[in-house]
Amino acid sequence: MKPKVFVTRMLPQKALDLILPVCDAEIWQEELPPPRDLLLSKVRDLDGLLSLLTDKIDATLMDAAPKLKVVSNCAVGFDNIDVPAATQRGIAVGNTPGVLTETTADFAFTLLMAAARRVVEGDRYTRAGKWKTWGLTVLLGQDIHGATLGLIGLGRIGAAMAKRAKGFDMRVMYYDPFRREDLEKELGITYSDLDTVVRQADFVSVHVPLTNETRKLVNQDLLSKMKQTAIIVNTSRGPVVDQAALYAALRDGVIAGAALDVTDPEPIALNDPLLTLENCIVAPHIASASVTTRTKMATMAAENLLAGLRGEKLPTPVNPEVKQRN
Ligand code: GLV
């Protein structure tokens, strides 16, 4: 009998071609994620689940899934999954690291540049009919070349961001709980404590996973240490930034601007005060959204799913130590 799997959203055909021949698969076809109740009832007889970051995979859900052997998340982040609970229950968890690094860094740099040079505001200005003539002081922004980029987090994506910044002749500083002297040499970047990084940076870009330690890491205190001309970019997870504190800092001119690909919650409420600000760009969590990368992510997630169903070690495991249930 083929293993029973549920895929919580439509995937690119290349990934479906891997799954469909060998699984009894149900693919959720809607734009919105499957409702919690439905997911809870679906998992009852599942062997495998391919999830997105919008699906909450917690202990309650796992307890409703006595046969579940693998949860394959089609994302590099896995804060939507209670990994210790999965490990305890013998459920392998996979993610999709590596394939989205460059695409995500491309977008983080895009946001940095868009905020620095006020691209989104400029487009609104044009469409509103405000463009009357070439003006010497119209929509003045910040220079990117020669500026200092402060990275919070130097994982794969943070390092890829540093590479881009060096191409723009930026000075790059970083803070990470794990110092990477190898990358400091390779990329020509410097390590500092968090305080120094945010005080000296013209641009702060956040590249940390969401954990108990990083929740609201960017708070009022941290924002108050940034330069008044500084811009913050967040392509990590929304809850890493205290959104109310960010709003106040942008409104009061504590910092100059923000560009976010992630918010808390997602989607951001249409009446969120951040959306009333000219100096804040909000993208709908699309940093990894290139055709090629999303196909690679889905294929990788399919491969993790199938390996888990066969009881093999996942190609990119989150909990490699798991003793998988039969
Ligand atoms: C996207 O945010 C991801 O974690 O892959």
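Residues numbered from 1 in each chain as written. Predicted model: local features only at pLDDT ≥ 70, side-chain atom pairs only at ≥ 80, totals over all residues. Heavy atoms only, no water.

Let's talk about the overall build of the protein chain
Then comes step 1: Check the secondary structure of the protein chain and you find 12 helices and 12 strands.
Then comes step 2: A globule of 326 residues ought to have a C-alpha radius of gyration of about 20 Å, and the protein chain, at 21 Å, matches this closely.
Then comes step 3: Within the span of the protein chain, comprising 326 residues, buried residues form 51% of the whole.
Then comes step 4: Nonlocal contacts in the protein chain, meaning residues at least 24 apart in sequence, comprise 61% of its contacts between residues at least 6 apart.
Then comes step 5: Of the charged side chains in the protein chain, 38 are positive and 39 negative; the average position of the first set lies 2 Å away from that of the second. (Helix = DSSP H or I, 4+ residues; strand = E, 2+ residues; numbered from the N terminus. Rg over C-alpha atoms; globule rule 2.2 N^0.38 Å. Buried < 20%, exposed > 50% of the residue type's maximum accessible area, 1.4 Å probe, protein only. Contact = heavy atoms within 4.5 Å. Lys, Arg positive; Asp, Glu negative; His and termini not counted. Charge placed at Lys NZ, Arg CZ, Asp CG, Glu CD.)

A look at the site of the ligand
Then comes step 1: Taken together, Leu53, Ala75, Val76, Gly77, Leu100, Arg237, His285 and Met297 form the complete shell of residues around the ligand.
Then comes step 2: In this structure, arginine 237 approaches the ligand through a side-chain N or O atom, which is 2.7 Å from an oxygen atom.
Then comes step 3: Histidine 285 is positioned with one of its side-chain polar atoms (N or O) 2.6 Å from an oxygen atom of the ligand.
Then comes step 4: Relative to its free-state accessible area of 190 Å², the ligand is covered by the protein chains to the extent of 89%. (Near = heavy atom within 4 Å. Polar contact = N/O pair within 3.5 Å; in protein donor to acceptor, adjacent residues only side chain to side chain. Areas by Shrake-Rupley, 256 points an atom, 1.4 Å probe, with all protein chains shown as cover.)

Thoughts on the pairing of strand β6 (residues 148-152)
Then comes step 1: In terms of burial, β6 is largely enclosed, as five of its five residues are buried.
Then comes step 2: Burial along β6 is two-sided: the residues Thr148, Gly150 and Ile152 and Leu149 and Leu151 are all buried.
Then comes step 3: Across four bridges, the pairing between β6 and strand β9 (residues 203-206) is parallel. The residue bridging glycine 150 from the neighbouring strand is valine 204, located in β9. (Pairing = 2+ DSSP bridges.)

Comments concerning the nonpolar core
Then comes step 1: Core analysis: the largest hydrophobic core is formed by 30 residues, its most contacted members being Leu112, Leu149, Leu151, Met170 and Phe203.
Then comes step 2: Of all the secondary-structure elements, those providing two or more residues to this core are α5 (101-116), β6, α7 (156-167), β7 (171-175), α8 (181-187) and β10 (231-234).
Then comes step 3: Sort the elements by how many residues they give to this core and α5 lands first, with eight residues.
Then comes step 4: If near-sequence neighbours (up to four positions away) are discounted, leucine 112 is found in contact with Ile144, Leu149, Met161, Phe203 and Val233.
Then comes step 5: Core analysis: the second largest hydrophobic core is formed by 28 residues, Ile152, Val198, Ala230 and Ala258 among them. (Core = buried A, V, L, I, M, F, W, Y, C linked by side-chain atoms within 4.5 Å.)

Here's the deal with the pairing of strand β2 (residues 24-27)
Then comes step 1: With four bridges joining them, strand β1 (residues 4-7) and β2 adopt parallel strand pairing. Bridge pairing in β2 places lysine 4 opposite aspartate 24.
Then comes step 2: Crossover connection from β1 via helix α1 (residues 13-19) to parallel β2: handedness right-handed. (Right-handed = clockwise from strand over helix to strand, strands pointing away.)

So, to be careful, I would describe these as geometric facts and stop short of saying anything about function.
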